[in-house]
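Coordinate analysis (summary)
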Amino acid sequence: MKLATFTEGGRTRIGVVEDDRIADVSAVDPSIPADMTAFLKLGPAGRAALDRALASAPRRPLAEVRLEAPVLRPGKFLAVGLNFADHIKELGAATPAFPSTFAKTTSCINGPYDPVHRPRVSDTLDYEGELGMVIGRRCRHVPKERALEVVAGYVVVNDLTVREWVNLTPQVVIPKSFDTTGPFGPWITTADAVPDPQALAIRTTVNGEIRQSSSTAEMIFGCADLIALLSQAVTLEPGDVITTGTPPGVGEGFAPKRYLQPGDVVRVEIDGLGHIENPVIAEPQATCFIED
Ligand code: MG
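This one's a predicted model, so the numbers in the text were calculated from it and none came from an experiment.

**A closer look at helix 5 (residues 223-233)**
The element helix 5 is extensively covered by neighbouring structure, given that 8 of its 11 residues are classed as buried. Within helix 5 the residues assigned to the buried category are Cys223, Ala224, Leu226, Ile227, Ala228, Leu229, Leu230 and Ser231.

Structure follows, in structure tokens:
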């Protein structure tokens, strides 16, 4: 099942994507939460209500609605760096014994097809195509063998990064949290439709040119490892998003470096999960303000 958050007629709510249409489930059952996190918190009861509503929900053409990030404002947006064996080989780095974890702020989240801003303070905006997990069950200290039970589903993420700021500070949180630099989606492909998250082809293109092409089989710390480890530290909650690291081919790795420029279109696709595609624009003047 493909669970989306969409806006139509001035209202944002969840729906189910079927081919080129979206089922407007809350039109037949207003008790289904409009917000994805609230829906995921309902667990199996929510899914049962959704399945019942699907039988008679009106279908709208996907082209006539606006798809939003499936979780608009997760409680946590966690991330992992240096997690692809082929990427580490490319860098000549040592294989880490412990995952390099960090967080992106949730204010950087952006829609699957929305513009990303080349920041006014730097021209070193770079892409990182990644597989993301959306948590469906509140949990702590999850053993690896049960870890995938807490995953509601999977998403395509672009962990956009301002490289210049990475080099200015040992902390990557802010370089990876510029406004608009966290697009993901286009929907949550539920875990029951993803038999093996470690066997998914992933590709990133810029203006149609392939820059990254790998498989989640290359991940050093797989989805289950990451949930087991992160849940040793923090309670994972429905709606939390964990993005799992990028394969080789980022713009930083080219000589000369190939950062994103206004006018570029960056696309990340994962087999079975769909794609996100974001145009790059110069950061607009409108972002410069102080509210009363
Ligand atoms: Mg990354």
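More follows now that the structure is in view.
**Description of the layout of surface pockets**
If you add up the space inside the largest pocket, you get close to 440 Å³. Around the largest pocket sit 23 residues that line it, and Leu82, His87, Glu128, Arg163 and Lys176 are the ones nearest its centre. Elements with a contribution of two residues or more to the lining of the largest pocket: strand 6 (77-81), helix 3 (85-91), strand 7 (100-103) and helix 4 (163-168). Take the lining of the largest pocket: its biggest share by element is 3 residues, from helix 4. Classifying every residue of the lining of the largest pocket by side-chain character gives 8 nonpolar, 9 polar and 6 charged. Roughly 310 Å³ of volume is contained in the second largest pocket. Along the wall of the second largest pocket there are 15 residues; nearest its centre are Leu40, Gly43, Arg47, Val151 and Ala152. Elements supplying a minimum of two residues to the lining of the second largest pocket: helix 1 (36-41), helix 2 (44-54) and strand 12 (151-158). Split into classes, the residues belonging to the lining of the second largest pocket amount to 8 nonpolar, 3 polar and 4 charged. The residues that make up the lining of the second largest pocket include at least three from each of domain 1 (2-67) and domain 2 (77-283).

**Remarks on the coordination of the magnesium ion**
The protein atoms that coordinate the magnesium ion are Glu128 (OE), Glu130 (OE) and Asp159 (OD), at distances spanning 2.0 to 2.1 Å. Look at where the donors of the magnesium ion fall in the sequence and you get E-x1-E-x28-D. Taken together, the residues Glu130 in strand 11 (residues 129-135) and Asp159 in the loop between strand 12 and strand 13 (161-162) connect sequence positions 29 residues apart. Across this residue pair, the class does not change: Glu130 and Asp159 are buried.

**Regarding the packing of aromatic side chains**
The description of an aromatic ring pair uses the distance of the two centres, along with the angle that the planes make with each other. For the structure on display, the rule yields 2 aromatic pairs. Between Phe77 and Phe184, the ring centres sit 6.0 Å apart and the planes meet at 55°, which makes this aromatic pair tilted. Pair noted here: Phe77 is in strand 6 and Phe184 is in strand 14 (residues 182-190), with a separation of 107 residues, a long-range link. For the ring pair Trp165 and Phe178, a centre distance of 4.9 Å and an interplane angle of 80° mean the geometry is edge-to-face. Remark: Phe178 occurs in the loop between helix 4 and strand 14 and Trp165 occurs in helix 4; sequence separation between them is 13 residues. The partly exposed category is assigned to Trp165, whose relative accessible area is 30%. Lying over the aromatic face of Phe254, Arg211 brings its terminal NZ or CZ to 5.5 Å of the ring centre. Sitting above the plane of the Phe254 ring, Arg258 keeps its charged end 5.1 Å from the centroid.

**A short note on the nonpolar core**
Counting residues in each nonpolar core, the largest one holds 29 residues, and the members touching the most others are Met133, Tyr154, Ile227, Ile242 and Leu273. If we skip the residues at most four places from it in the chain, Tyr154 touches Leu131, Gly132, Met133, Leu148, Trp187, Ile188, Thr189, Ala191, Val194, Pro197, Cys223 and Leu273. Residues Ile14, Phe39, Val71 and Ala152 belong to the second largest nonpolar core, which totals 26 residues.

**Overview of the pairing of strand 1 (residues 2-8)**
Within strand 1, 5 of the 7 residues are buried, which leaves the element mostly enclosed by the surrounding structure. As defined by bridge partners, strand 1 adjoins strand 14 across 2 bridges and the pair is classed as antiparallel. When the sheet's bridge partners are listed, Lys2 is paired in strand 14 with Thr189. Across 7 bridges, the pairing between strand 1 and strand 2 (residues 11-18) is antiparallel. Bridge assignment links Phe6 to a residue of strand 2, and that residue is Arg13. Connecting strand 1 to the next strand, strand 2, in antiparallel fashion are 2 residues, including Gly9 with a positive phi near 60°. In the sheet, strand 1 pairs with strand 5 (residues 66-68) via 3 bridges, with the strands oriented antiparallel. Bridge assignment links Phe6 to a residue of strand 5, and that residue is Leu67.

How each quantity is defined
Residues numbered from 1 in each chain as written. Predicted model: local features only at pLDDT ≥ 70, side-chain atom pairs only at ≥ 80, totals over all residues. Heavy atoms only, no water. Buried < 20%, exposed > 50% of the residue type's maximum accessible area, 1.4 Å probe, protein only. Helix = DSSP H or I, 4+ residues; strand = E, 2+ residues; numbered from the N terminus. 1 Å grid on protein atoms, 1.4 Å probe; cavity = no way out; pocket = protein on both sides within 12 Å on 5 of 7 lines; lining within 4 Å. Points joined across faces, edges and corners; volume = space filled by probe spheres on them. Nonpolar A, V, L, I, M, F, W, Y, C, P; charged D, E, K, R; others polar. Domains from an automatic or database assignment. Donors = N, O, S within 2.8 Å, 3.2 Å for Na, K, Ca; no water. Phe/Tyr/Trp six-rings, centres within 6.5 Å; stacked < 30°, edge-to-face > 60°. Lys NZ or Arg CZ within 6 Å of the ring centre and 35° of its normal. Core = buried A, V, L, I, M, F, W, Y, C linked by side-chain atoms within 4.5 Å. Contact = heavy atoms within 4.5 Å. Pairing = 2+ DSSP bridges.

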